[in-house]
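Chain by chain, the residues run as shown.
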Amino acid sequence: MGKLNQWAKENSRFFKIADGETIRVVFEGFKIGKSSFDPERDVVSYTLKTDEGRKIWNSSSPKVAAFFDTISPNQTVSIHRTGEGSSTKYDLSVVEETGSDNEYPEEPEPTDES
């Protein structure tokens, strides 16, 4: 990513993800409002905490709404984008927290039961 593109991503209040990119975010909440592109349609504005700060992700996708309806605020979510324009698809999943910075949880310590 170029220097100016990185600057734009960091300074935008909106969440952006490129084709083929996967990003982990923390879901903070949502609100429903009118689309700025089509005032006849509603859009959901999701508030996400990213590495660049708090961002807004506007989506009118029923699949995205159904996913976020099943989780709670402060859960970590993985978002993967495939495609561009009207053929964009998002794969969403909850990231299970292990309580450790390690990729794999550590083996439990043996206990002395004598």
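Residues numbered from 1 in each chain as written. Predicted model: local features only at pLDDT ≥ 70, side-chain atom pairs only at ≥ 80, totals over all residues. Heavy atoms only, no water.

Novice: Tell me about the pattern of salt bridges, residues and numbers included.
Specialist: Side chains that differ in charge, positive against negative, can pair when their charged atoms come close. For the structure on display, the rule yields 4 salt bridges. For K9, the salt bridge identified is with E21, shortest N-O distance 3.1 Å. In this pair, K9 is assigned in helix α1 (residues 3-11) and E21 in the loop between α1 and β1 (22-34), connecting sequence segments 12 residues apart. A relative accessible area of 22% places E21 in the partly exposed class. Residues K63 and D91 are paired through a salt bridge, measuring 4.0 Å at the closest nitrogen-oxygen approach. With K63 in helix α2 (residues 62-68) and D91 in strand β5 (residues 89-94), this residue pair connects regions lying 28 residues apart in the sequence. (Salt bridge = Lys/Arg side-chain N within 4 Å of Asp/Glu carboxyl O. Helix = DSSP H or I, 4+ residues; strand = E, 2+ residues; numbered from the N terminus. Buried < 20%, exposed > 50% of the residue type's maximum accessible area, 1.4 Å probe, protein only.)

Novice: Provide a residue-level description of the layout of surface pockets, including the pertinent values.
Specialist: Of the pockets and cavities examined, the largest pocket occupies roughly 340 Å³. Around the largest pocket, the lining comprises 14 residues; the ones closest to its centre are S35, F37, V43, N58 and S60. Of all elements in the fold, only β2 (42-50) and β3 (53-59) reach the threshold of two or more residues within the lining of the largest pocket. If one sorts the elements of the lining of the largest pocket by residue count, β3 sits on top with 3 residues. Each residue belonging to the lining of the largest pocket can be placed in one class, and the counts come to 4 nonpolar, 6 polar and 4 charged. (1 Å grid on protein atoms, 1.4 Å probe; cavity = no way out; pocket = protein on both sides within 12 Å on 5 of 7 lines; lining within 4 Å. Points joined across faces, edges and corners; volume = space filled by probe spheres on them. Nonpolar A, V, L, I, M, F, W, Y, C, P; charged D, E, K, R; others polar.)

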